[in-house]
Amino acid sequence: MDLDKLNDMTLAELHELARKHRIADPERLSREELTDRLGAKAGIIDRARQLVRAAKDKLLPRTATPPATPEDPETETLARLYAEQGHLARALAIYRKLAAREPARGELAKEVLRLEAALAHPREPGHPAAVPPPEVHMPAPAPTGEPLGMLDYEELPETYGQDDVAVMAQDPWHLFVYWEVTPAGRQAARSQLGGEGHAAQLTLRVSSVATRDGRVEQEFGDIDVDWDHGRRYLDAPRPGVRVTVAIGLRAPSGKFAPIAHSRTVLVPPAEPGPAGPVEWMEVAPARRRTPGLEPIVIVTRAGERAVRGAPRLDLPLGTGAASAMRPQKAGAAPDQPSSWVRWPGSSYHRPPRSSDGGGR
Amino acid sequence: MEPRGYLSLVLHAHLPYVRHPEHRYFLEENWLFEAVTATYLPLYDAFSRLVRDGIRFRLTMSMSPPLVSMLRDDLLKLRTAAYLDRLIALGDRECARLAGDATFGPIARFYRDRYGRLKALYDQLRGDVVDGFRRLQDDGFLEIITVGATHGYLPCIREPAARRAQIKTAVESYKSHFGRHPRGIWLPECGYAEGVETLLAEQGIRYFFVDAHGLLHARPRPPYGIFAPIFTRTGVAAFARDLESSKQVWSAREGYPGDPTYRDFYRDVGFDLPLSEVGPFIHPDGIRVHTGYKYFRVTGEVDLGQKAPYDPGAARERAAVHAGHFLWAREKQIEHLAAHMDRRPIVVSPYDAELYGHWWFEGPEFLEMLIRKLVCDQKTVALATPSDYLEEYTVNAVAEPSPSSWGDGGFSNVWIDGSNDWIYRHVHQAERRMVELSHRHASDGDGLRRRALNQAARELLLAQSSDWAFIMKTGTAVDYACRRVKTHLARFRRLDRELSEGRIDEGWLADLERRDNIFPEIDFRTYLE
């Protein structure tokens, strides 16, 4: 029995063969798993090697001589992942190879023994033999096997090689900023500053614009930073203003050479807006049972008119209660119970542990 | 007699896209199976009973594209059916185990019968829960609205084209599933950012919701407060969440679900029984999970070990009392508001749909009884959807809503936090690259490249889901959430590299299309500015 023969067999033939080899419940196994287990019974471990090699070939550039790579897929990590996913034969194949390579490491040999035992007795180790066979349908099997998905996982890059800064409003009082400055960006800013360039300091410049009593007010503040890339929280200039952040070099004289600018964001207001003037708009209602897109038609737009409105709210987030929303300092007792806004919240507030990314 | 005001109940149904065909059992897929069993089927069941009894009701339900896609996915439907079968099998065992127990035996039978009925309902729907809700919409009972494509939190999406893609993709997905154009949208996390209304108007969406301070802090102050919508300058209406009615249901201290009579969520045989009893019904590796067999009631502020046995009959009676109380409070609220307003007020009460049934076991019964009482027992309050209200009141004040969300604190503190802020630099970079790629290949006729670009758009959308940041903040399944963000971004980055190098690995791409198969009709040109 070799791998090609197994691959050529129909599913019914595989079931029959599996029963002969005393593999429990073969109908519940996918073709892939059947092949693995039958292969393991027959001592065919080459399939695992072939699969790993195929995966490796797929992911690496196809050069005549594959370059040496520090990330050899036949690693303990991959073996552990395979074992966690239930691809025991593949895990076993890798562990055997590793154990042969490093015979002094007893834990590798132990893994080989454990996996061999598991393949010989496929019942889950957590379920005592006293438990009667499950009368339940297990989830539908995977249409095809794994292994490529796990290899998509990679750590994100530290930098992107682009001058960049972004600002986001966390709440009316705080901003979140991240930035990146390249050597070329820094050099260009230094050049702009001329003779002062060598003594310039990397700085986040927060500019805000607000309209107050009909007048436009602009102000800015500088925050020195030490790293070419990073993220941090800043105090917002004021609730309700529009904010832009620039990352750049500031010379001792105060001259500022920007390297990158953020988009403008509106910091949320923390209190009710002015009472008026209020404009009114008439919009044609949507026709019932119109299946297609129906553009919004603004019929009229007109100025203020007398209305009798709703009474003042006396509620936590209501009129004039902005202080109730302000985040509390650590250790301070909150004015309002914070739990009511989203309690018990979405279904992710669940006590059981996560599978920590591995389904099995 | 004409009503004096309206109550607009809004159920927001959403789960992140969790589908792992590569695993036979995946713990996080249980989120869907539990929600189907505890919430969506019981809600559908309750609505169907109302229809059968001739109760005319109007209710708004947002169904997020990831949820709709999962509910209609063949693999997940099979797994949901298997999950229900396992619940019934566990029920048979529990009934046998507790046959002579006068206290717990009847509760076990109650669950087994319930899950049997739900499985029959699921089979009757042929596993297509979405189609059941669609028919309720077509018959005029529900107004189903859409949600951002993958529940991306719009205030944290940097590129305008990427915000537009979240909305446009959601609209297209809605049309393919419900056969019509969506009237309204639930902004993910109720998160409003300046300018969103322009994107909604482009897509013909007529209304959205904000939290109360989204209108209370609007510029200028809306004359009717939160009890009538405003029009944004684009003509799209914004309705605000009512605080009082929200608090009655949501509040940890004062809300109904905390009543001692109601079923306790945390005590479950999945944790209480020895492995020899529940082994086949929990994670195959022996990790204990909730099974849905919960024999105790909330009881009060006592330890889990001191909880008293659950009494389904008493809980049902309590739900009826609470429905009556909720209605009474709305009548009083609307009488009070109507006395001060020159139009009928609308009280908007949005809730996570999963609250009803999943967390608050008796929630669907509460809702059914509330609707029955509201329609049959009084005339002060009528049910209305936002569309109904906009038909009656075509003239509204114009204002700019205030940036806000319904998260803790009311702004972006949940989604911009030390636990999750690392994601934005990377997701924003992917947004920018996606816009660049879509411009570069806008008129590209190559089929393989188009598939790669469409898949890149799917990976970006999946990475943008607000759920990942939320989970990182709440600390429940953090590793999984981090892996999801990194995996989708890694896949995006590789597609980007392969597109740039002109060397697309078709086998790998096909594998990705099989795994991350949301939005089969997506067009990457959605990202054109």
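Each chain has its residues counted from 1, following the order in which its sequence is written. Lettering of chains starts at A and numbering of ligands starts at 1, both following the order in which they are written. Local features in this predicted model are restricted to residues of pLDDT 70 or higher, and side-chain atom pairs are both shown and tallied only at a pLDDT of 80 or more, whereas totals for entire chains, interfaces and linings draw on every residue. With hydrogens and water set aside, each side-chain value is computed from the structure's full complement of heavy atoms.

With that out of the way, let us pick up the overall build of chain B. The number of helices and strands found in chain B is 19 helices and 10 strands. Each radius of gyration is computed over the set of C-alpha atoms, and the globule rule expresses the reference value as 2.2 Å times the number of residues to the power 0.38. Taken over C-alpha atoms, the radius of gyration comes to 24 Å for chain B, in line with the 24 Å a tight globule of 529 residues would show. Expressed along its principal axes, the backbone C-alpha trace of chain B runs to roughly 70 × 65 × 45 Å. The rule is simple: take the accessible area with a 1.4 Å probe, protein chains only, and divide by the maximum for that residue type; under 20% is buried, over 50% is exposed, in between is partly exposed. Within chain B, buried positions represent 71% of all 529 residues. Note on contacts: a residue pair is in contact if any heavy atoms of the two residues lie within 4.5 Å. For chain B, the proportion of contacts with a sequence separation of at least 24, taken over those separated by at least 6, is 79%. Every accessible area reported is derived by Shrake-Rupley at a probe size of 1.4 Å, with residue values counting cover from the shown protein chains alone. Only carbon and sulfur atoms are counted for the fraction: they give 48% of the accessible area of chain B, which is about 15,400 Å². The positive count covers Lys and Arg only, the negative count covers Asp and Glu only, and His and the chain ends enter neither. The atoms used to mark charge sites are NZ of Lys, CZ of Arg, CG of Asp and CD of Glu. Side chains of chain B carry 70 positive and 74 negative charges; the gap between the two charge centres is 1 Å. In this text, helices come from DSSP runs of H or I with a minimum length of four residues, and strands from runs of E with a minimum of two, each type numbered from the N-terminal end.

Once that is clear, we can look at the overall build of chain A. Across its full length, chain A carries 10 helices and 10 strands. Looking at chain A as a whole, 42% of its 360 residues qualify as buried. Taking as baseline every contact in chain A between residues at least 6 positions apart, the subset at least 24 positions apart corresponds to 56%. Element-wise, carbon and sulfur atoms account for 52% of the exposed surface of chain A, whose accessible area totals about 19,300 Å².

This part takes up the confidence of the model for chain A. pLDDT is a residue-level measure of predictor confidence that goes from 0 to 100. With 61% of its residues at a pLDDT of 70 or more, chain A shows a mean pLDDT of 70. Taken as a whole, residues 44-53 of chain A scores under 50 in pLDDT and shows 23 contacts with residues more than four places along the chain or in a different chain.

Time to look at the packing of aromatic side chains. Given two aromatic rings, their pairing is described by the distance between the two centres and the angle made by the two planes. Residue and element names in this part refer to chain B. Pairing of aromatic rings covers Phe, Tyr and Trp, the last counted by its six-membered ring, and requires centre-to-centre distances within 6.5 Å; plane angles under 30 degrees mean stacked, over 60 mean edge-to-face, and any other angle means tilted. Scanning the model with the defined rule gives 48 aromatic pairs over all chains in all. On the basis of an interplanar angle of 45° and a centroid distance of 6.3 Å, the ring pair of Phe209 and Phe239 is categorised as tilted. With a gap of 30 residues between them, Phe209 in strand 5 (residues 207-210) and Phe239 in strand 7 (residues 237-240) connect regions that are remote in the sequence. Of the residues examined, Phe239 reaches a relative accessible area of 1% and is grouped as buried. Ring centres 4.8 Å apart and planes at 40° place the aromatic pair Trp360 and Phe366 in the tilted group. Each member of the pair, Trp360 together with Phe366, is buried. Directly above the aromatic system of Phe361 lies the positively charged group of Arg263, at a separation of 4.0 Å from the ring centroid. A ring is considered to have a charge above it if a Lys NZ or an Arg CZ atom is located within 6 Å of its centre and within 35 degrees of its normal. Lying across the ring of Phe296, Arg267 places its NZ or CZ 4.0 Å from the centre.

Take the environment of Val209 of chain A next. Residue and element names in this part refer to chain A. By the element assignment, Val209 lies in strand 3 (residues 201-212). Along the chain, Val209 and Pro269 lie 60 residues apart, while their C-alpha atoms are 13 Å from each other. Residues contacting Val209, with those up to four places away along its chain left out, are Val216, Glu217, Gln218, Val241 and Arg242.

Residue and element names in this part refer to chain A. Note: two strands are recorded as paired if DSSP finds a minimum of 2 bridges between them. Ordered by their spatial adjacency, 3 strands build an open sheet running 1-2-5, and the pairing between neighbours is antiparallel. The sheet terminates laterally at strand 1 (164-171) and strand 5 (229-235), the two strands that pair on one side only. Pairs of neighbouring strands in the sheet enclose a mean axial angle of 15°, with direction left out of account. Here strand 1 runs beside strand 2 (residues 174-180); their pairing, made up of 7 bridges, is antiparallel. Within strand 2, the position partnered with Asp171 by the bridge is His174. Angles here are taken between N-to-C directions and fall from 0 to 180 degrees, while the axes themselves are lines fitted to C-alpha atoms, restricted in helices to the stretch in contact.

This part is about the environment of Leu38 of chain A. Position of Leu38 of chain A relative to the elements: it lies in helix 3 (residues 31-41). Sequence separation between Leu38 of chain A and Ala89 of chain A is 51 residues, and the spatial gap between their C-alpha atoms is 9.6 Å.

Residues and elements named next belong to chain B. Running from amino to carboxyl end, helix 3 (residues 74-97) crosses helix 4 (residues 105-124) at an angle of 155°, the nearest separation of the two axes being 9 Å. One way to sum up the angle between helix 3 and helix 4 is to call them roughly antiparallel. By crossing handedness, the relation of helix 3 to helix 4 is classed as left-handed. Between helix 3, through Lys77, Thr80, Ala81, Leu84, Asp85, Leu87, Ile88, Gly91, Asp92, Glu94 and Cys95, and helix 4, the contact on the second element is made entirely by Ala108, Arg109, Arg112, Tyr115, Gly116, Leu118, Lys119 and Tyr122. A per-class count over the contact of helix 3 with helix 4 returns 9 nonpolar, 3 polar and 7 charged. By definition in this entry, angles of less than 35 degrees are roughly parallel, angles greater than 145 are roughly antiparallel, angles of 65 to 115 are roughly perpendicular, and the rest are oblique. Whether a crossing is left-handed or right-handed is set by the direction in which the near helix is turned from the far one by less than a right angle, anticlockwise for left-handed and clockwise for right-handed. Three residue categories are used. Nonpolar comprises Ala, Val, Leu, Ile, Met, Phe, Trp, Tyr, Cys and Pro, charged comprises Asp, Glu, Lys and Arg, and polar comprises the others, including Gly.

Attention shifts here to the side chain of Glu331 of chain B. All names here are of chain B. Locating Glu331 in the fold gives a position in helix 12 (residues 312-340). Although Glu331 is buried, it makes no salt bridge; Lys332 carries the closest opposite charge, 6.2 Å away. Excluding residues within four positions of it along the chain, Glu331 makes contact with Gln378, Thr380 and Val381. By convention in these notes, a salt bridge is any Lys or Arg side-chain nitrogen within 4 Å of a carboxyl oxygen on Asp or Glu.

Below, the discussion takes up the nonpolar core. With 205 residues, the main nonpolar core has Leu11, Tyr40, Phe47, Phe133, Tyr295, Tyr356 and Tyr424 of chain B as its most contacted residues. Those residues in contact with Tyr356 of chain B, other than ones at most four positions away along the chain, are Leu11, Ala38, Thr39, Leu43, Val249, Tyr351, Gly363, Pro364, Phe366 and Leu367 of chain B. The set of buried Ala, Val, Leu, Ile, Met, Phe, Trp, Tyr and Cys residues whose side-chain atoms join them within 4.5 Å is what this entry labels a nonpolar core. Within the second largest apolar cluster, 28 residues are counted, among which are Leu204, Val225, Ala251 and Val267 of chain A.

Time to look at empty space enclosed by the protein. All names here are of chain B. Using only the protein atoms, space was sampled on a 1 Å grid; points where a 1.4 Å probe fits but cannot get out form cavities, open sets with protein on both sides within 12 Å along at least five of seven lines form pockets, and lining residues are those with an atom within 4 Å of a point. Grid points are joined across faces, edges and corners, and a volume is the space filled by probe spheres set on the points. Overall, the coordinates contain 14 cavities of 30 Å³ or more when judged by the stated rule. Taken as a whole, the second largest cavity spans an internal volume of roughly 180 Å³. Lining the second largest cavity are 17 residues, and of these Glu34, Ala38, Tyr115, Gly292 and Lys294 lie nearest its centre. For the lining of the second largest cavity, the elements supplying multiple residues, two or more each, are helix 1 (30-52), helix 3 and helix 4. Each residue belonging to the lining of the second largest cavity can be placed in one class, and the counts come to 7 nonpolar, 6 polar and 4 charged.

Residue and element names in this part refer to chain B. Relative to each other, helix 1 and helix 13 (residues 363-376) sit at 25°, their axes nearing to 9 Å. By the angle class used here, helix 1 and helix 13 are roughly parallel. Helix 1 and helix 13 meet at a crossing whose hand is right-handed. On the side of helix 1, the interface is formed by Ala38, Pro42, Leu43, Ala46, Arg49 and Leu50, while helix 13 contributes Pro364, Leu367, Glu368, Ile371 and Arg372.

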